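# Summary of structural features
So you can see what is in the structure, the chains are spelled out below.
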Amino acid sequence: MGETGLTTLSYVNTVIRERPRQIHKGQCGRVLIVAGSVGMAGACVLSTGAALRSGAGLVKAAVPEEIFPILQIAVPQATCTNVSDREFLRSVSVHDAIGIGPGMGVSEKKYQLIEEILSIFDGPVVIDADGITNLCRFGKKTGILKKKDNIILTPHPGECDRLLDALDLEPVSVMGRVEAAEAVSDRTGAVVLLKGADTVVTSGSGSTYINTTGNPGMATGGSGDVLTGVITAFAASGTAPLDAARAGAFVHGMAGDLAAGIMGQWGMTATDIRDQLPATLRGIVGK
Ligand SMILES: NC(=O)C1=CN([C@@H]2O[C@H](COP(=O)(O)OP(=O)(O)OC[C@H]3O[C@@H](n4cnc5c(N)ncnc54)[C@H](O)[C@@H]3O)[C@@H](O)[C@H]2O)[C@@H](O)CC1
Ligand SMILES: Nc1ncnc2c1ncn2[C@@H]1O[C@H](COP(=O)(O)OP(=O)(O)O)[C@@H](O)[C@H]1O
């Protein structure tokens, strides 16, 4: 284990900055969110909306056609593409960052889709939730991520245990949170963000940071789906994967703190966190 630092506001101020006056939407990051399924459309709504509220210029959701109406009504700013239509894979490379996993479901077919996207796309990819579970369940024999660059894995402790098991390592409860995140990062080459109170973000031993925002009110369904959208938007804007993950965790936690201030920790939900992203970013950037 190397030295562990903190992610604080003064650091995030160096990552999230005022926009140049002449910027246009094509330069603010084109995000693709591969998420959602029948029964879990909400996960995609949350990730897609969070990406838009975190500054992404253009956001597209790759979802089953059956849930297009939900997405188009809940997030009219986003476009939709049919995830089951192979044509959609042709347009993957025009994006600046991809977020994969929230509510996408777990099956061999979904795993193949992730593999295909990773083989086509060399930009930053955030893999969360069912994306991680698919890799662990079906990708063990292929070495999970094959040390591909530009990957950010965002497991909660349960998903981290799946990753550790697939890598033949001990669970988080045995290894400890920092050591577990560093081990997954060392073995996969990915930036790893281990969620929970005191979220850990690491690019391997020696580069590990503990987040300083967030509260127990964030222990509510869908709050991790919001985080996926935030980090994917930051990565799409050109922020390096480790910085996108650190700044994403901080901003998401600060939005959660604002939401708790308004709604209280007991009653706040994931949409309240998403809805406080603009005020959070305005507080950080000053605009
Ligand atoms: N509205 C929606 O559509 C929602 C969809 N969701 C999606 O539902 C899918 C399944 O996610 P889940 O995380 O519920 O289920 P999972 O089965 O992937 O993981 C939950 C299990 O992980 C273990 N675990 C250990 N420590 C944990 C921790 N600190 N936090 C959470 N779990 C821990 C527990 O055994 C628990 O049963 C994901 O794709 C997720 O994105 C959820 O985000 C909830 C909201
Ligand atoms: N007690 C807590 N303190 C701070 N943050 C928390 C706490 N509990 C959960 N969170 C945050 O809320 C989010 C939960 O994500 P996750 O478990 O993936 O939820 P979901 O799958 O329902 O979206 C993570 O960002 C996590 O760090």
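About the cut-offs
- All residue numbers refer to position in the chain's written sequence, counted from 1.
- Chains and ligands are labelled by the order in which they are written, letters from A for the one and numbers from 1 for the other.
- Where local features are concerned, this predicted model is filtered to residues with pLDDT of at least 70; where side-chain atom pairs are given and counted, the filter is 80 or more; whole-chain, interface and lining totals use all residues.
- Side-chain descriptors were evaluated using all non-hydrogen atoms of the structure, hydrogens and water having been removed beforehand.
- Space inside and on the surface of the protein is sampled on a 1 Å grid over the protein atoms alone, with a cavity defined as a set of points where a 1.4 Å probe fits but cannot get out and a pocket as an open set with protein on both sides within 12 Å along at least 5 of 7 lines; lining residues have an atom within 4 Å of a point.
- Grid points are joined across faces, edges and corners, and a volume is the space filled by probe spheres set on the points.
- Each residue gets one of three labels, nonpolar for Ala, Val, Leu, Ile, Met, Phe, Trp, Tyr, Cys and Pro, charged for Asp, Glu, Lys and Arg, and polar for the others, Gly among them.
- If even one non-hydrogen atom of a residue comes within 4 Å of a molecule or strand, that residue is called near it.
- Two N or O atoms count as a polar contact when they lie within 3.5 Å, although within protein this holds only if one can serve as hydrogen donor and the other as acceptor, and sequence-adjacent residues are included solely when both atoms are side-chain atoms.
- Here the open area of atoms and residues is found with the Shrake-Rupley method and a 1.4 Å probe, where only the protein chains shown may cover a residue.
- Helix and strand assignments come from DSSP, with helices taken as H or I runs of at least 4 residues and strands as E runs of at least 2, each series counted from the N terminus.
- Note on aromatic contacts: the rings of Phe and Tyr and the six-membered ring of Trp form a pair at centre separations within 6.5 Å, being stacked when their planes are under 30 degrees apart, edge-to-face when over 60 apart, and tilted otherwise.
- Buried, partly exposed and exposed residues are distinguished by accessible area as a fraction of the type maximum, computed with a 1.4 Å probe on protein chains only: under 20%, between the cut-offs, and over 50%, respectively.
- We call a charge positioned above a ring when the Lys NZ or Arg CZ atom is no farther than 6 Å from the ring centre and deviates by at most 35 degrees from the ring normal.
- UniProt positions are given in the numbering used here, feature names are shortened, and annotations may be inferred rather than shown by experiment.
- Contact between two residues is taken to exist if any of their heavy atoms lie within 4.5 Å; hydrogens are not considered.
- Paired strands are those between which DSSP finds at least two bridges.

Here we take up empty space enclosed by the protein. A full pass over the atoms with the stated rule returns 1 cavity of 30 Å³ or more. Lining the largest cavity are Val 34, Ala 35, Gly 36, Ala 62, Val 83, Met 104, Lys 110 and Leu 113. Of the residues assigned to the lining of the largest cavity, the class counts are 6 nonpolar, 1 polar and 1 charged.

Let us now look at the site of ligand 2. Inspection of the region around ligand 2 gives 17 residues, with Lys 195, Gly 196, Gly 222, Gly 224 and Asp 225 positioned closest. Contact distances for ligand 2 include 3.3 Å between an oxygen atom and a side-chain N or O atom of Thr 199. Burial of ligand 2 by the surrounding chains reaches 78%, relative to a free accessible area of 580 Å². Take the shell around ligand 2: its biggest share by element is 4 residues, from helix H9 (residues 223–236). Here the shell around ligand 2 is composed, by residue class, of 5 nonpolar, 10 polar and 2 charged.

Within this structure, the stated rule accounts for 1 aromatic pair. Ring centres of Tyr 111 and Phe 138 lie 6.2 Å apart, and the angle between their planes is 40°; this geometry places the pair in the tilted category. Taken together, the residues Tyr 111 in helix H4 (residues 108–120) and Phe 138 in helix H5 (residues 129–138) connect sequence positions 27 residues apart. Owing to a relative accessible area of 25%, Phe 138 belongs among the partly exposed residues under this scheme. The ring of Tyr 11 is capped by Arg 246, whose NZ or CZ atom sits 3.6 Å from the centre of that ring. Just above the ring of Tyr 209 sits the side chain of Arg 246; from NZ or CZ to the centre is 3.5 Å.

Time to look at the site of ligand 1. In the vicinity of ligand 1 there are 15 residues, among which Gly 103, Asp 130, His 156, Arg 162 and Asp 225 approach most closely. The separation between an oxygen atom of ligand 1 and a polar main-chain atom of Ala 43 is 3.0 Å. Within the side chain of Asp 225, an N or O atom sits 2.8 Å from an oxygen atom of ligand 1. Contributing elements (two or more residues each) for the shell around ligand 1: helix H2 (41–53), H5 and helix H6 (157–166). Ranked by residue count, the leading element in the shell around ligand 1 is H6, at 4 residues. Along the lines of polarity and charge, the residues of the shell around ligand 1 split into 5 nonpolar, 6 polar and 4 charged.

Residues given the UniProt feature "binding site: (6S)-NADPHX" (unreviewed entry) here are Ala 43, Gly 103, His 156 and Asp 225. Residue position: Ala 43 is located in helix H2. Contact partners of Ala 43, with chain neighbours within four places excluded, come to Pro 102, Gly 103 and Asp 225. By the element assignment, Gly 103 lies in the loop between strand E5 (97–100) and H4. The contact partners of Gly 103, leaving out residues within four places of it in the chain, are Gly 36, Ser 37, Met 40, Ala 43 and Asp 130.

So, about the pairing of strand E2 (residues 30–34). Of all the 5 residues making up E2, 4 are buried; the element is thus mostly covered by neighbouring parts of the structure. Across 5 bridges, E2 lies against strand E3 (residues 58–63) in parallel orientation. Across the sheet, residue Val 31 finds its bridge partner in E3, namely Val 59. Where E2 meets E5, 4 bridges bridge the pair, whose relative direction is parallel. Paired with Val 34 across the bridge in E5 is Ile 100.

If you check the backbone angles, Asp 168 has positive phi at about 60° while not being a glycine. For Asp 168, the position within the fold is in the loop between H6 and helix H7 (172–175). Judged by its relative accessible area of 63%, Asp 168 is exposed. Of note, Asp 198 is a non-glycine position whose phi angle comes to about 60°, a positive value.

Here we come to the UniProt feature "binding site: AMP" (unreviewed entry) in the protein. Feature annotation in UniProt places "binding site: AMP" (unreviewed entry) on Lys 195, Gly 196, Ala 197, Asp 198, Thr 199 and Gly 224, given in this structure's numbering. In sequence the annotated residues extend across 30 residues, while in space they remain close, none of their C-alpha pairs exceeding 14.2 Å. Tracing the sequence through the fold places Lys 195 in the loop between strand E8 (191–194) and strand E9 (200–202). In contact with Lys 195, not counting residues within four places along its chain, are Asp 128, Thr 154, Pro 155, His 156, Pro 157, Arg 177, Gly 224 and Leu 227. In terms of polar contacts, Lys 195 uses its side chain to reach the side chain of Asp 128, at 2.9 Å. On the secondary structure map, Thr 199 appears in the loop between E8 and E9. Setting aside chain neighbours within four positions, we find Thr 199 in contact with Arg 177, Leu 193, Leu 194, Tyr 209, Ile 210, Asn 211 and Ala 249. Polar contacts involving the side chain of Thr 199 include one to the main-chain carbonyl oxygen of Gly 196, which spans 2.9 Å.

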